[in-house]
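# Residue-level structure breakdown
Below are the chains, spelled out letter by letter.
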Amino acid sequence: MLLPVSFYQEPEHQASDPAAPEGPTRSEHHPMTETAVASADAGLSLKELARRNGLSASGRLPSLPEYTRQLWAYRHFIGAHASAKMTSALGNTKLGAVWQVLTPIINAAVYYVIFGVVLKAHGNMPNFIAYLCVGVFVFQFTQSVVQTGQNTIVGNLGLIRALHFPRASLPLSAALVEIRNFVVALVVLMGIVLVTGEPLTLEWLLVLPALLLQSVFNTGLGLFMARYGAKNRDIRQLIPFIMRFWLYGSAVLYPVTKFADVLSGWQLQVVEANPMLVFIELMRHALIEGAPLANSPTVLWIQAAIWALTVGVGGYVYFWRGEKGYGRG
Amino acid sequence: MADSERIPTVVADDAHIIYKIHQAGSASSSPLASFKRLTTRSKNANIREVHAVKGVSFVAYKGEAIGLIGTNGSGKSTLLRAVAGLLPVSRGAIYAAGQPSLLGVNAALMNELPGDRNVELGCLAMGMTPAEVKARKDDIIEFSGINDKGDFSSLPMRTYSSGMSARLRFSIAAAKKHDVLLIDEALATGDAKFRKRSEQRVRELRAEAGTVFLVSHSEQSIRDTCERCIWLEAGEIRADGPTGDVMKEYEAFSRR
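Here the residue numbering is sequential within each chain, running from 1 through the sequence in written order. To label them, take the chains in the order written and letter them from A, then take the ligands in the order written and number them from 1. Residues qualify for local features only when their pLDDT is at least 70, as the model is predicted, and side-chain atom pairs are given and counted only at 80 or more; totals for whole chains, interfaces and linings, by contrast, use all residues. Note that water and hydrogens are dropped before the side-chain values are worked out from all heavy atoms of the structure.

### With respect to the overall build of chain A
Only runs of H or I of at least four residues qualify as helices and only runs of E of at least two qualify as strands under DSSP, and these elements are numbered from the N terminus. A count of helices and strands for chain A gives 15 helices and one strand. Counting across all 329 residues of chain A, residues that qualify as buried make up 48%. Long-range pairs, those at least 24 residues apart, make up 79% of the contacts in chain A with a sequence separation of at least 6. Carbon and sulfur atoms make up 66% of the accessible area of chain A, which amounts to about 15,600 Å² in all. Residue burial is assigned from relative accessible area. The probe radius is 1.4 Å, only protein chains are included, and a residue is buried under 20% of its type maximum, exposed over 50%, and partly exposed in between. Any two residues whose heavy atoms approach within 4.5 Å are treated as being in contact. Surface accessibility in these figures is a Shrake-Rupley result with a 1.4 Å probe; residues are shielded only by whichever protein chains are displayed.

Here it is, written out as structure tokens:
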């Protein structure tokens, strides 16, 4: 017999479901059932058969080092996906890539008009435009990562269901896009800061480690948001409120010294440990001469490193543990 | 009979699949309502359960092409997705060799990007190295035949007809050797010429010692590619055997 013999239903199932309307079909095929059972390692249960042939139930979680190795093997995909996302996102606008520069400038202009000119929130600070712009730009970086991060799994279900690849590739590529966008925005920001009269000093080199730490922090946050957003789609409705609250709590729009005026003790410490405040402060310290800081630069660097490590590693582990659940259900 | 050489690749052991459906509609899309549900942890009234597959058992072997037939809503696509590991099994189990790949018509790539970039991206996503991608890219586009009527591979995929993009997706997925390849209606979308080519490719994939599952409403493509057929009806297996026999019964059933 050349044709592979088919395997009919298991006897247990037939017994457990006698009401099933399959009488005539079954009796016709019954002889074949017996040959199939006899041919496939006679008498073995299906579970046993699967085990003997090294078949695994789908859904085994790879170990963390194994997962990291897989991700590394997919680095070309991550890069290609990021650049593809970038071209396709602005592909149908007239100005195209100009928006990458224009968006942060408009953003800073809006806040400047309201908080700098109308409300005068600066309390006689010498270079408020530069101070405000640094805050807006740095905050925008994290905000976009949170917003795109929660959508990386939900928005790519088609790709996830069609192909098997380490799912962390998607939030990582999204983070890569945002890092690239921020580097462009950073160049614009430096231009603004120079135009407003800040001198170009060696301290500007501190931008690089600050950028690195915030990128690690953001990537972890993006990974976290990707898994959280995939399981709890309702969070999407809440993110605008959370981000606005975070924005107002991070001394973006007013001098950081205002916290010390109204808070003290542990309350002040909690507010000043806010990671966004820390990253914004570091960037201000690097770019603006004599910018008022909440803490000494050393304390800020330590806080930033702790935040980056905790959130970076934590977000990665959190995402990895959910690896097998993405795209299911 | 060469029984010792028959190696099982997919084993379904009394698999039940129940899935939950989020129904859109009603007044739950405002931020306030979402917040309320999050805080009270109340059960979402919009979730309904569907028992799509009720106790399915079968063994698929290396080198087989198996057709899945049944009327609409009989659980064929759900079963495929469970074999691919994309849907959890509520009871029983499905075991598989390696990582089964599901190829469906709704597997979206990036619609804003031109076809050739989608080919690169798809190949990289399947784990090919950039060198392999470079070597295979032209073959894939050639196979898909999207360039038959002009240079379509450099146009965004959103300009493609549904048949063209289905062909391209099939070509990308078929470029790699799979232990288990699951095809959901993909062959039905192409024209006659492409169907012939893809059936040929399915036979090649099988020859490379893989197992192919094919869901289709086109009797012809099942008859042409599969020698074994499983007939699902209302989530249960009605028949499993050589395509000719099963098809005869299925036809008798659908005429009734």
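There is more to say, and it comes next.
### Quick word on the overall build of chain B
Check the secondary structure of chain B and you find nine helices and nine strands. With 256 residues in all, chain B has 54% of them scored as buried. By sequence separation, contacts in chain B at least 24 residues apart represent 72% of the contacts at least 6 residues apart. Only carbon and sulfur atoms are counted for the fraction: they give 51% of the accessible area of chain B, which is about 11,100 Å².

### A look at the UniProt feature "transmembrane region" (unreviewed entry) in chain A
All names here are of chain A. UniProt positions are given in the numbering used here, feature names are shortened, and annotations may be inferred rather than shown by experiment. In this structure's numbering, the residues bearing the UniProt feature "transmembrane region" (unreviewed entry) are residues 97–119, 182–200, 206–226, 238–256 and 300–319. Each end of residues 182–200 is marked by a C-alpha atom, and these two atoms are 20 Å apart; helix forms 74% of the span and strand 0%. Across residues 300–319 one finds 100% helix and 0% strand; the C-alpha atoms that close the span lie 28 Å apart.

### Overview of the confidence of the model for chain B
Regions with low pLDDT should not have their predicted coordinates read in detail. Confidence of the prediction at every residue is given by pLDDT, a number between 0 and 100. In this model, chain B carries an average pLDDT of 77, and 85% of its residues clear a pLDDT of 70 or more. Helix α6 (residues 186–189) of chain B is the least confidently modelled element of chain B, averaging 60 in pLDDT, while strand β8 (residues 228–233) of chain B averages 88, the highest of any element.

### Remarks on unusual backbone geometry
The backbone of A:Ala251 shows a phi angle near 55°, a positive value even though the residue is not glycine. Position of A:Ala251 among the secondary structure elements: in the loop between α11 (235–248) and α12 (257–262). Residue classification places A:Ala251 among the buried positions, given a relative accessible area of 0%. In this model, B:Asp14 sits at a positive phi of 50°, which is unusual for a non-glycine residue. Of note, B:Asp14 is situated in strand β1 (residues 8–22).

### Focus on helix α5 (residues 162–174) of chain B
Between its first and last C-alpha, α5(B) extends 18 Å over 13 residues, near the 18 Å set by a 1.5 Å rise per residue. Looking only at α5(B), the buried set comprises B:Gly163, B:Met164, B:Ser165, B:Ala166, B:Arg167, B:Leu168, B:Arg169, B:Phe170, B:Ser171, B:Ile172, B:Ala173 and B:Ala174. One less than the number of residues in a helix, times 1.5 Å, gives the span that helix is expected to have.

### Some thoughts on helix α14 (residues 275–287) of chain A
Residues and elements named next belong to chain A. Between its first and last C-alpha, α14 extends 19 Å over 13 residues, near the 18 Å set by a 1.5 Å rise per residue. By the criterion of burial, α14 is predominantly enclosed, with 13 of the 13 residues buried. Of the residues flanking the start of α14, the one acting as N-cap is Asn 274, its side-chain oxygen 3.0 Å from the backbone nitrogen of Met 276. N or O atoms within 3.5 Å of each other form a polar contact, as long as, within protein, one can give a hydrogen and the other can take it, and as long as residues adjacent in sequence are counted only when both atoms are side-chain atoms.

### Brief notes about the pattern of salt bridges
Residues and elements named next belong to chain B. Any carboxyl oxygen of Asp or Glu within 4 Å of a side-chain nitrogen of Lys or Arg constitutes a salt bridge here. Evaluated as defined, the whole model comprises four salt bridges over all chains. Close ionic contact of Glu 120 with Lys 137 constitutes a salt bridge, the shortest N to O distance being 2.9 Å. On the criterion of sequence distance, the pair formed by Glu 120 in helix α3 (residues 115–125) and Lys 137 in helix α4 (residues 130–144) is long-range, its members being 17 residues apart. With its nearest N and O atoms 2.9 Å apart, the salt bridge here joins Asp 240 to Arg 228. Here the residue Asp 240 occupies a position in strand β9 (residues 236–242), and Arg 228 occupies one in strand β8, the gap between them amounting to twelve residues. We note that Asp 240, like Arg 228, is buried.

### Digging into the environment of A:Val317
Residue and element names in this part refer to chain A. With respect to the helices and strands, the residue Val 317 is situated in helix α15 (residues 297–321). Exposure remark for Val 317: the relative accessible area of 26% places this residue in the partly exposed category. For the pair Val 317 and Phe 224, spaced 93 residues apart in sequence, the C-alpha separation works out to 8.8 Å.

### Quick word on a nonpolar patch on the surface
Residue and element names in this part refer to chain A. Patches in this entry comprise residues that are over 30% relatively accessible and not in a salt bridge; like charges within 9 Å are linked, as are nonpolar side chains (Val, Leu, Ile, Met, Phe, Trp, Tyr) within 5 Å. On the surface, a cluster of nonpolar side chains totalling about 980 Å² of accessible area is made up of Leu 95, Val 98, Trp 99, Ile 106, Val 110, Tyr 112, Val 113, Ile 114, Val 117, Val 118, Leu 119 and Ile 129. If you tally residues by element for the nonpolar patch, the top one is helix α6 (residues 98–118), at nine residues. Note on placement: Val 110 falls in helix α6. Residue classification places Val 110 among the partly exposed positions, given a relative accessible area of 41%.

### Some words on a negative patch on the surface
Residues and elements named next belong to chain B. A surface patch of negative charge is lined by Asp 138, Asp 139, Glu 142 and Asp 148. The topology assignment puts Asp 138 in helix α4. Looking at Asp 138, the relative accessible area reads 56%, which means it is exposed. Note on charges: Lys and Arg go in the positive column, Asp and Glu in the negative column, and His and the chain ends are not counted at all. Think of each charge as sitting on NZ of Lys, CZ of Arg, CG of Asp or CD of Glu.

### Let's talk about the confidence of the model for chain A
For chain A, per-residue confidence averages 79 on the pLDDT scale, and 82% of positions sit at 70 or higher. The model gives residues 1–42 of chain A a pLDDT under 50, and that stretch makes 69 contacts with residues more than four places away or in other chains.

### Structural notes on the nonpolar core
For our purposes a nonpolar core is just a set of buried Ala, Val, Leu, Ile, Met, Phe, Trp, Tyr and Cys residues, chained together by side-chain atoms within 4.5 Å. Grouped together as the largest cluster of nonpolar side chains are 59 residues, with contacts concentrated most on A:Phe137, A:Met283 and A:Leu287. The dominant element in this core, judged by the number of residues it contributes, is helix α7 (residues 128–149) of chain A, at 13 residues. Apart from the residues within four sequence positions on either side, A:Met283 is in contact with A:Val134, A:Val138, A:Phe182, A:Leu186, A:Val207 and A:Ala210. In terms of nonpolar packing, the next biggest core, distinct from the first, is built from 40 residues, A:Tyr67, A:Phe77, A:Leu163 and B:Tyr160 among them.

### Some thoughts on the side chain of A:Thr142
Residues and elements named next belong to chain A. Looking at the element boundaries, Thr 142 is found in helix α7. Thr 142 sits in the buried class, given a relative accessible area of 0%. One polar contact links Thr 142 to Gln 214, side chain to side chain, over a distance of 3.0 Å. Setting aside residues no more than four positions away along its own chain, Thr 142 makes contact with Gln 214, Phe 217, Asn 218, Leu 221, Trp 246 and Met 276.

### As for the packing of aromatic side chains
Residue and element names in this part refer to chain A. Any two of the Phe, Tyr and Trp rings considered here, Trp counted by its six-membered ring, make a pair once their centres fall within 6.5 Å; the pair's planes then place it as stacked at under 30 degrees, edge-to-face at over 60, or tilted in between. Enumeration according to the criterion identifies 15 aromatic pairs over all chains in this entry. Relative to Tyr 131, the ring of Phe 128 has its centre 6.3 Å away and its plane inclined at 25°; by these criteria the two rings are stacked. Here Phe 128 pairs with Tyr 131, and both are found in helix α7, just three residues apart, close to one helical turn. Each member of the pair, Phe 128 as well as Tyr 131, is classed as buried.

### Observations regarding the state of the cysteines
Residue and element names in this part refer to chain B. Here, two cysteine sulfur atoms that lie within 2.5 Å of each other are counted as a disulfide. Applying the stated criterion to the full structure yields zero disulfides over all chains. Between Cys 229, a free cysteine, and Cys 226, which holds the nearest cysteine sulfur, the sulfur-to-sulfur gap is 6.4 Å. For Cys 229, a relative accessible area of 0% translates into the label buried.

### Section: the pairing of β9(B)
All names here are of chain B. Counting buried positions along β9 gives six out of seven residues, so the element sits mostly inside the fold. Pairing between strands requires that DSSP locate at least two bridges from one strand to the other. Pairing of β8 with β9 involves six bridges; the strand directions are antiparallel. By the bridge assignment, Ile 230 is partnered in β9 with Asp 240. Linking two consecutive strands that pair antiparallel, namely β8 and β9, is a turn of two residues; a positive phi of about 50° is found at Ala 234 within it.

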